[in-house]
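# Examining the three-dimensional arrangement
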Amino acid sequence: MRGFRPATPNGWAARPLLVKPDVPRPLPRLLAQSFVLAVAIGCSPDQPPTPSNSQPIGWDDGIRVPAAEDINPDPNVVELNLEARTAQFSLVPGGPTTLWTYNGMVPGPLIRAQVGNRVIVHFTNSLAEETTIHWHGLRVPAAMDGMPGESQPPVAPGGSFTYDFVVPDASTFWYHPHVNSAIQEGNGMYGAFIVDDPAEPAGLGDEVVMVLSDLDVAEDGSLRPEDGGGDLATLFGREGNVLLVNGKVKPTFKARPGLRQRWRFINAAKSRYYQIALDGHSFTRIGGDGGLMAAPVEVAQPEIAPGERMDLLVVPQGESGAELVVKWIAFDRGFGSTFERPPVDLFAVRLEGSKVETPALPVIARPITPLPIAGAGAVDLQLTAQYSDSPLQLGINGVAFKDSEPLMVYVGDTQVWTVTNTIDFAHPFHLHGFFFQVLSPEGPLEWKDTVNVPVDGTVRFVVKYDDRPGMWMFHCHILDHAEAGMMGMLHVMEPG
């Protein structure tokens, strides 16, 4: 199938692999030996001693997302079933909350593959309305992108669709609907998708995948109306009053003091920006949307826009028994966005065991070649609003999505996009199907598919279109903004 094995922009060629990643976590040999020794000397078999270089027993039980069941024995194929359906959850004392889910879980099951694997997803829609799945960030063929009416017909209630593609890049990705997205994704339909590469340096840290989101829940457990607050709420972007990490309110997991962990964050909230703070600690950012960066950078309070991913290393420090609380800090994304908004506890890390010397950080030096811009075409976009209309109409270059014409480009072309924000709120700008490199504001060299465009700001990025022709979407990933018209289409055509 065309487009499945282009030269990857990250410089790591897609290739078949002999084994799949071990999704279940087998007991390490050293831990098993310690268990046997503990029984021999009379220690309780229920509490074996923890090896000095390991996290505490059951360290991530309180936060780990269950993995999708792979039903295919082929080591190069990941095949699974996903069903969209509603389910009830206990989030507030007043009563249950009915959410929209994949396989009855929020977030949906963690999908895990390796570079070059074929992924087959048999999707069934048991909702009362049509839907699709968009594979956010994955460079799939256009027919697999989940754009209703362009890449596929929407999946009707009771219907099904099979997604079938090869994963060419290693990174933290995710999946969510692209029909009525502000409601469907906003009410729980999202999940993590991790693609591993065995060429990645070993010893980066023990991994925790964390999907961030929020919900607007009334005291009786019901979800507040999706159009609450009218045009003003649409302009701001609707944020919930209940913050979730992997579908839980303030979950807790464990850490060994001094032992590095790797936190893969996905911002699946429909409007909320997540600024992360942990007192007395800083983070090493090693990657984001398109995998590892050219080199790591130190960050004090990472800022993750809706749709973005961030790959962070952290070394929990403190005395055994202490609890480290990671907080959400209001991010200034425009008028009123930080006013009287105190920090909110997101999750806790309980320290357990004696402190260990932090292992040396492996060298992270990913080769990323800057895309040349000489001779590149130019795309100039303004993010706009028409305040005289009600309901509020947002758009790009003054045109709402329903009235827009697609941009036209050819396979092999390179373009420089200039995206300017004319509205009093920031916008996370997402391009389907292709990675780009941000030119300004200047930052570390990396591959992106989602970038924040600040108030009164402009972002320039360069993108080269590989051999995957078709219709591709671009839009603001504040989903209230996208639904109000801040979307457009890009038609990538075959040359000649």
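Structure's up top.
Computed from a predicted structure; not experimentally measured. (Residues numbered from 1 in each chain as written. Predicted model: local features only at pLDDT ≥ 70, side-chain atom pairs only at ≥ 80, totals over all residues. Heavy atoms only, no water.)

## Comments concerning the nonpolar core
Note the threshold: For this analysis, a nonpolar core means a set of buried residues of the types Ala, Val, Leu, Ile, Met, Phe, Trp, Tyr and Cys, connected via side-chain atoms within 4.5 Å. Note on exposure labels: buried denotes an accessible area under 20% of the residue type's maximum, exposed denotes more than 50%, and partly exposed covers the range between, all computed with a 1.4 Å probe on protein chains only.
Formed by 37 residues in total, the largest nonpolar core has its most connected members in W417, F429 and L490. If you look at the next biggest cluster of nonpolar residues, it comprises 36 residues, including V140, Y175, V416 and W447.

## Re the packing of aromatic side chains
Selection criterion: The rule is short: rings of Phe, Tyr and Trp, with Trp giving its six-membered ring, pair when the centres are within 6.5 Å, and they are stacked under 30 degrees, edge-to-face over 60, tilted in between. Starting at the N terminus, helices and strands are each numbered in turn, a helix being any DSSP run of H or I of at least four residues and a strand any DSSP run of E of at least two. Our definition puts a charge over a ring when NZ of Lys or CZ of Arg is within 6 Å of the ring centre and also within 35 degrees of the ring normal.
This structure, assessed with the given rule, holds 24 aromatic pairs. Both rings, one in F429 and one in F461, keep their centres 6.3 Å apart while their planes meet at 40 degrees; by these two values the pair is tilted. Of this pair, F429 sits in strand β24 (residues 427-431) while F461 sits in strand β27 (residues 458-464), and the two are 32 residues apart along the sequence. Judged on exposure class, the residue F429 and its partner F461 are both buried. Clustering of aromatic rings is evident, with ring pairs tying together Y102, F123, W135, F161, Y163, F165, Y175 and F193. The ring centre of W328 lies 4.8 Å from the NZ or CZ of R272, which sits over that ring.

## A look at the sheet that holds β24
What counts here: Strands are labelled as partners when DSSP assigns at least two bridges between them. For helices, the axis comes from a line fit to the C-alpha atoms of the stretch in contact; other axes are also lines fit to C-alpha atoms, and the angle between any two N-to-C directions lies between 0 and 180 degrees.
Pairing within the open sheet is mixed, and its 5 strands lie in the order β22-β29-β28-β24-β26. Looking at strand neighbours, the two that pair on one side only are β22 (407-410) and β26 (450-453), the edges of this open sheet. Between one strand axis and the next, the sheet turns by 25 degrees as a mean value, whatever way the strands run. Judged from the 4 bridges that link them, β22 and strand β29 (residues 487-493) form a sheet pairing that is parallel. Along β29, the bridge assignment pairs V409 with V492.

## As for the sheet that holds strand β23 (residues 414-421)
Taking strand neighbours across the sheet as the criterion, the 5 strands line up as β21-β20-β23-β27-β25 in an open arrangement whose pairing is mixed. The two strands at the open ends of the sheet, each matched to only one other strand, are β21 (393-396) and β25 (437-440). Adjacent strand axes in the sheet meet at a mean angle of 25 degrees when their direction is disregarded.

## Some details on the pattern of salt bridges
The test is simple: By definition here, a salt bridge exists when the distance from a side-chain nitrogen of Lys or Arg to a carboxyl oxygen of Asp or Glu is within 4 Å.
As enumerated under the stated definition, the model contains 29 salt bridges in all. With a shortest N-O distance of 3.4 Å, D289 and R309 are connected by a salt bridge. With D289 in the loop between β14 (283-288) and β15 (291-299) and R309 in strand β17 (residues 309-314), this pair connects stretches of sequence that are 20 residues apart. Like R309, D289 is buried. Between R309 and D449 there is a salt bridge, and its shortest N-O distance comes to 2.7 Å. Taken as a pair, R309 in strand β17 and D449 in the loop between β25 and β26 lie far apart in primary sequence, 140 residues in all. With a relative accessible area of 1%, R309 lands in the buried category. Residues joined in a network through salt bridges with shared partners are D214, E239, R272, R333 and R341.

## Some details on the environment of L80
Applicable threshold: Contacts between residues were defined by any pair of non-hydrogen atoms, one from each residue, lying within 4.5 Å.
Mapping L80 onto the fold places it in strand β1 (residues 77-92). For L80 and E69, which are 11 residues apart along the polypeptide, the C-alpha to C-alpha distance reads 6.1 Å. For L80, the contacting residues outside a window of four places in its chain are A68, E69, I71, I111, I120, V121 and H122.

## Here's the deal with unusual backbone geometry
Cis geometry is found at the peptide bond from V106 to P107, where omega equals -10 degrees. Within the secondary structure, P107 is located in the loop between β2 (95-102) and β3 (108-114). In this model, S440 is joined to P441 through a cis peptide bond whose omega is 0 degrees. For P441, the location among the structural elements is in the loop between β25 and β26. A positive phi angle, near 50 degrees, is found at N180, a position not held by glycine. Residue placement: N180 occurs in the loop between β7 (171-176) and α2 (181-184). Note on N180: relative accessible area 29%, which makes it partly exposed.

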